[in-house]
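# Structural overview for review
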Amino acid sequence: MSSGQDSSPLVRPYAMTGGRTRARYQLAIEALVTTTPQGRNAGYGLMPEHQRICELCVEIKSLAEIAALMRMPLGVARVMVGDMAESGLIAVQQPGSAEGKPDLALLERVLLGLRNL
């Protein structure tokens, strides 16, 4: 049964990314994102989606978590997060270690976060 309210975004995803389908640089699905001081102080000058991402990432979130919580395709989240990182609103920590192997603790945290959704 539907409550009569549609939870889909009012704006098409391609409109949120300026028509782009690819991020300017590659972001891993498990990349960790956190809001910078600039992002915390940006306030109402941002698009609503950017404001929401800044709010979500006050506590560290993975790119996958952001996409899921925002109910948007992963590709759209990648483009938006990439743009926001270039603007200094958020900081992105790419996964990996010196040996080139993924960090097991990071993967477990991402898995736990996804299960909690």
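Since this is a predicted model, take the numbers as computed values, not measurements.

Here we take up the sheet that holds strand β2 (residues 61-62). Backbone-to-backbone hydrogen bonds join strands into a sheet, with any given pair of strands oriented parallel or antiparallel. Pairing within the open sheet is antiparallel, and its three strands lie in the order β2-β1-β3. In this open sheet, the two edge strands, each paired with only one partner strand, are β2 and β3 (90-93). Where strand β1 (residues 32-35) and β3 come together, four bridges link them in antiparallel fashion. In the strand pairing of β3, L32 is matched with Q93. Packed onto the sheet, helix α5 (residues 74-86) meets β1 and β3 and runs at close to 115° relative to β3.

Ranked by size, the top nonpolar core spans 19 residues in total, and within it I53, I66 and V81 carry the most contacts. When residues of this core are assigned to their parent elements, the largest contribution, five residues, is made by α5. In this view, I53 contacts T35, I66, M70, M80 and M84; residues no more than four positions away in its chain are not counted.

So, about the pattern of salt bridges. This model, assessed by the stated rule, comprises one salt bridge. Across the pair R52 and E55 runs a salt bridge, and its minimum N-O distance is 4.0 Å. Linking R52 with E55, this pair stays in helix α3 (residues 48-56), spanning three residues, or about one helical turn. Of the residues examined, R52 reaches a relative accessible area of 37% and is grouped as partly exposed. The exposure class assigned to E55 is exposed, which follows from its relative accessible area of 51%.

Cut-offs applied
Residues numbered from 1 in each chain as written. Predicted model: local features only at pLDDT ≥ 70, side-chain atom pairs only at ≥ 80, totals over all residues. Heavy atoms only, no water. Pairing = 2+ DSSP bridges. Helix = DSSP H or I, 4+ residues; strand = E, 2+ residues; numbered from the N terminus. Contact = heavy atoms within 4.5 Å. Axes fitted to C-alpha atoms, helices over the stretch in contact; angles between N-to-C directions. Core = buried A, V, L, I, M, F, W, Y, C linked by side-chain atoms within 4.5 Å. Buried < 20%, exposed > 50% of the residue type's maximum accessible area, 1.4 Å probe, protein only. Salt bridge = Lys/Arg side-chain N within 4 Å of Asp/Glu carboxyl O.

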